[in-house]
Amino acid sequence: MTNNESQITNYESRIYIAGHRGMVGSAVWRALEAKGYSNIIGKTSKELDLRNQQAVTDFINNEQPDIIIDAAARVGGILANNEYPYPFLMENLQIQNNLIDAAHKADVAKFIFLGSSCIYPKFAPQPLKEEYLLTDSLEPTNEWYAIAKIAGVKACEAIRKQFGKDFVSLMPTNLYGPNDNFDLKSSHVLPAMMRKFHEAKATNAPVELWGSGTPMREFLHVDDLAQGVIFAVENILPEHLYNVGTGTDVTIKELAETIQSIVGHKGEIVWDSTKPDGTPRKLMDSSKLRALGWSPKFSLNDGILDTYNWFNSHQSDYKKVVI
Ligand SMILES: NC(=O)c1ccc[n+]([C@@H]2O[C@H](COP(=O)([O-])OP(=O)(O)OC[C@H]3O[C@@H](n4cnc5c(N)ncnc54)[C@H](OP(=O)(O)O)[C@@H]3O)[C@@H](O)[C@H]2O)c1
Ligand SMILES: C[C@@H]1O[C@H](OP(=O)(O)OP(=O)(O)OC[C@H]2O[C@@H](n3cnc4c(=O)[nH]c(N)nc43)[C@H](O)[C@@H]2O)[C@@H](O)[C@H](O)[C@@H]1O
């Protein structure tokens, strides 16, 4: 559906990216700018706390964006999700509810909500299809976050169903790339491995990784997701929910070996079995979005190389503590 009839935006459309400094928000900003969009707006969490309903309502009413991309969220890896269930549930509900409701009341033409593959049941058949949502129970380490994200998907679906508005949800698989979080307590696996191997390579000291190494994950470079978001900006998608992934997954052990070799670490890998494995597998079926015209470009190897180049040229940024 890339024909002109479905095109509702132009390069002057006013686009608000919530969370524009994060990994996803900054990638979407770069991609929109590169395509010639000239009216993009963003606010840091210090300038606008999205948990504050009145502040969000005032901001949306004043700015009158044509499109909102919701890339703002409390985000983290398996341990952060497990250790901070309340903010992962409540802050995400607050942020998305405030944005979605303000957008609806201000008649914003398009709203793109970003969720995550953890919305699907822990033991759902693979690959995960959109219709598997709410068919079984969730993975316990991230059910708090998943329930918030499911509520966001349902809020957008409800607005779409009742008012016929172009509110759509994109569910990316595990992401990585420039501006990722490399804090070892709160990060996801890929940036954590990159930092651990990098810091150990001078002496080839052993690197400790979590769990058994047997779970499987699918990894999408954030610039490929950004192209998916632009696709949703430029087209009216016919359904309310789309998976966004590569269609290929690897074991955590295979990922470790790939990153170890790219970084150049030659020491031992030790698996800490006291840390959780999480979902055994969550490969997405992204054929619905692919059939409309989006497809990813990065191989995992090239994506890791690109991210390691970014990491090497941002040595002061990667050490910030996130939670
Ligand atoms: N990372 C992944 O592997 C992954 C996978 C699937 C889906 N996603 C989804 O993609 C979206 C973005 O994730 P990300 O990885 O880009 O996360 P991120 O790098 O941590 O960025 C999140 C952004 O949210 C903003 N934010 C958080 N709390 C806020 C608040 N109270 N008020 C205003 N802004 C707030 C932060 O703004 P400041 O920087 O200004 O503080 C930050 O820039 C999320 O919805 C996430 O669920 C991510
Ligand atoms: C995309 C996000 O994925 C998150 O799940 P999830 O893939 O398990 O989150 P990750 O933190 O990426 O962990 C993926 C797998 O990598 C293992 N792992 C091995 N070593 C490490 C390490 O040093 N750090 C980390 N973080 N993991 C490590 C971890 O035990 C788990 O089996 C969800 O909690 C979120 O809600 C969200 O959906």
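- Where an unreviewed UniProt entry is consulted, the protein chain appears under the name GDP-L-fucose synthase, with the organism given as Winogradskyella endarachnes.
- The Catalytic activity (unreviewed entry) comment attached to the protein chain in UniProt states, word for word, "GDP-beta-L-fucose + NADP(+) = GDP-4-dehydro-alpha-D-rhamnose + NADPH + H(+)".
- In UniProt, the protein chain has this text filed under Sequence similarities (unreviewed entry): "Belongs to the NAD(P)-dependent epimerase/dehydratase family. Fucose synthase subfamily."

Some details on the overall build of the protein chain
Reasoning step 1: Secondary structure assignment for the protein chain yields 10 helices and 12 strands.
Reasoning step 2: Its C-alpha atoms put the protein chain at 55 × 40 × 40 Å along the principal axes.
Reasoning step 3: Taken over 323 residues, the protein chain has a buried fraction of 54%.
Reasoning step 4: Intrachain contacts of the protein chain at a sequence separation of at least 6 include 82% that bridge at least 24 residues.
Reasoning step 5: Accessible area of the protein chain: about 14,000 Å², with a carbon and sulfur share of 50%.
Reasoning step 6: Side chains of the protein chain carry 32 positive and 39 negative charges; the gap between the two charge centres is 2 Å.

Topic: helix H1 (residues 23-35)
Reasoning step 1: Look at H1: 19 Å from first C-alpha to last across 13 residues, which is about the 18 Å you get at 1.5 Å a residue.
Reasoning step 2: Within the span of H1, buried status applies to Met 23, Val 24, Gly 25, Ser 26, Ala 27, Val 28, Ala 31 and Leu 32.
Reasoning step 3: Positioned one or two residues after H1, Gly 36 has a phi angle of 110 degrees, which is positive.

Description of the pattern of salt bridges
Reasoning step 1: Counting across every chain of the model gives 18 salt bridges.
Reasoning step 2: Between Asp 49 and Arg 51 there is a salt bridge whose closest N-O contact spans 2.7 Å.
Reasoning step 3: In the salt-bridge network here, residues are joined through shared partners; they are Asp 49, Arg 51, Arg 74 and Glu 91.

Quick notes on the nonpolar core
Reasoning step 1: Of all hydrophobic cores here, the largest spans 39 residues; its most connected members are Tyr 16, Leu 50, Ile 60, Leu 99, Phe 111, Tyr 120 and Met 171.
Reasoning step 2: Only strand S1 (15-18), helix H2 (53-63), helix H4 (85-105), strand S4 (110-114), helix H5 (143-163) and strand S5 (166-172) provide two or more residues apiece to this core.
Reasoning step 3: What Tyr 120 contacts, discounting residues up to four positions off in sequence, is Leu 128, Lys 129, Glu 130, Tyr 132, Leu 133, Leu 138, Met 171, Leu 241, Asn 243 and Met 284.
Reasoning step 4: Counting residues in hydrophobic clusters, the runner-up holds 33 residues, among them Ala 71, Leu 220, Val 229 and Tyr 242.

So, the sheet that holds strand S10 (residues 241-244)
Reasoning step 1: In spatial order, the strands read S2-S1-S3-S4-S5-S10; together these 6 strands make up an open sheet with parallel pairing. The outermost strands of the open sheet, each flanked by one partner alone, are strand S2 (40-41) and S10.
Reasoning step 2: In terms of strand pairing, strand S3 (residues 67-70) meets S4 through 4 bridges, oriented parallel. Counted as the bridge partner of Ile 67 is Lys 110 from S4.
Reasoning step 3: Together, S1, S3, S4, S5 and S10 form the strand contacts of helix H7 (residues 222-234), whose direction differs from that of S4 by roughly 155 degrees.

A look at the confidence of the model for the protein chain
Reasoning step 1: Per-residue pLDDT for the protein chain has a mean of 96; in total, 96% of the residues score no lower than 70.
Reasoning step 2: Contacts of residues 1-6 to residues separated by more than four positions or lying in other chains number 12 contacts, the stretch itself having pLDDT below 50.
Reasoning step 3: For this predicted complex, the interface score ipTM comes out at 0.99, while the overall pTM is 0.97.

Details of the site of ligand 1
Reasoning step 1: Residues in close proximity to ligand 1 total 25 residues, the closest being Val 24, Ser 45, Gly 115, Tyr 145 and Lys 149.
Reasoning step 2: Interatomic distance of 2.6 Å between a side-chain N/O atom of Ser 45 and an oxygen atom of ligand 1.
Reasoning step 3: In terms of residue class, the shell around ligand 1 is built from 13 nonpolar, 8 polar and 4 charged.

Re the packing of helix H6 (residues 189-200) against helix H8 (residues 252-263)
Reasoning step 1: Contact pair H6 / H8: the axes reach a minimum separation of 9 Å and the direction vectors enclose 40 degrees. Viewed along their axes, H6 and H8 adopt a mutual orientation that is oblique. Of the two elements, H6 crosses H8, and the hand of that crossing is right-handed. In this structure, H6 contributes Val 189, Leu 190, Met 193, Met 194, Phe 197 and His 198 to the contact, and H8 contributes Ile 252, Leu 255, Ala 256, Ile 259, Gln 260 and Val 263.
Reasoning step 2: In the contact of H6 with H8, the residues fall into 10 nonpolar, 2 polar and no charged.

Notes on the UniProt feature "active site" (unreviewed entry) in the protein chain
Reasoning step 1: UniProt annotation of "active site" (unreviewed entry) refers to Tyr 145 when read in the numbering used here.
Reasoning step 2: Positionally, Tyr 145 belongs in helix H5.
Reasoning step 3: Discounting chain neighbours no more than four positions away, the residues touching Tyr 145 are Arg 74, Val 75, Asn 81, Phe 88, Asn 92, Ser 116 and Cys 118.

Notes on the side chain of Asn 92
Reasoning step 1: For Asn 92, the position within the fold is in helix H4.
Reasoning step 2: Here Asn 92 falls in the buried class, since its relative accessible area comes to 2%.
Reasoning step 3: Setting aside its immediate chain neighbours within four residues, Asn 92 contacts Ala 73, Arg 74, Pro 87, Tyr 145 and Ala 148.

Let's talk about the packing of H1 against H7
Reasoning step 1: Their axes nearest at 8 Å, the elements H1 and H7 cross at an angle of 60 degrees. On the basis of the axis angle, H1 is oblique to H7. Pair H1 / H7 crosses with right-handed handedness. Contacts from Met 23, Val 24, Ala 27, Val 28, Arg 30, Ala 31, Leu 32 and Lys 35 in H1 reach Val 222, Asp 223, Leu 225, Ala 226, Gln 227, Val 229, Ile 230 and Glu 234 in H7.

What counts, and where the lines are drawn
Residues numbered from 1 in each chain as written. Chains lettered and ligands numbered in written order. Predicted model: local features only at pLDDT ≥ 70, side-chain atom pairs only at ≥ 80, totals over all residues. Heavy atoms only, no water. UniProt positions renumbered as here; feature names shortened; annotations may be inferred. Helix = DSSP H or I, 4+ residues; strand = E, 2+ residues; numbered from the N terminus. Buried < 20%, exposed > 50% of the residue type's maximum accessible area, 1.4 Å probe, protein only. Contact = heavy atoms within 4.5 Å. Areas by Shrake-Rupley, 256 points an atom, 1.4 Å probe, with all protein chains shown as cover. Lys, Arg positive; Asp, Glu negative; His and termini not counted. Charge placed at Lys NZ, Arg CZ, Asp CG, Glu CD. Expected span 1.5 Å × (residues − 1). Salt bridge = Lys/Arg side-chain N within 4 Å of Asp/Glu carboxyl O. Core = buried A, V, L, I, M, F, W, Y, C linked by side-chain atoms within 4.5 Å. Pairing = 2+ DSSP bridges. Axes fitted to C-alpha atoms, helices over the stretch in contact; angles between N-to-C directions. pLDDT = per-residue confidence, 0-100. Near = heavy atom within 4 Å. Polar contact = N/O pair within 3.5 Å; in protein donor to acceptor, adjacent residues only side chain to side chain. Nonpolar A, V, L, I, M, F, W, Y, C, P; charged D, E, K, R; others polar. Parallel < 35°, antiparallel > 145°, perpendicular 65-115°, else oblique. Left-handed = near helix turned anticlockwise from the far one by under 90°.

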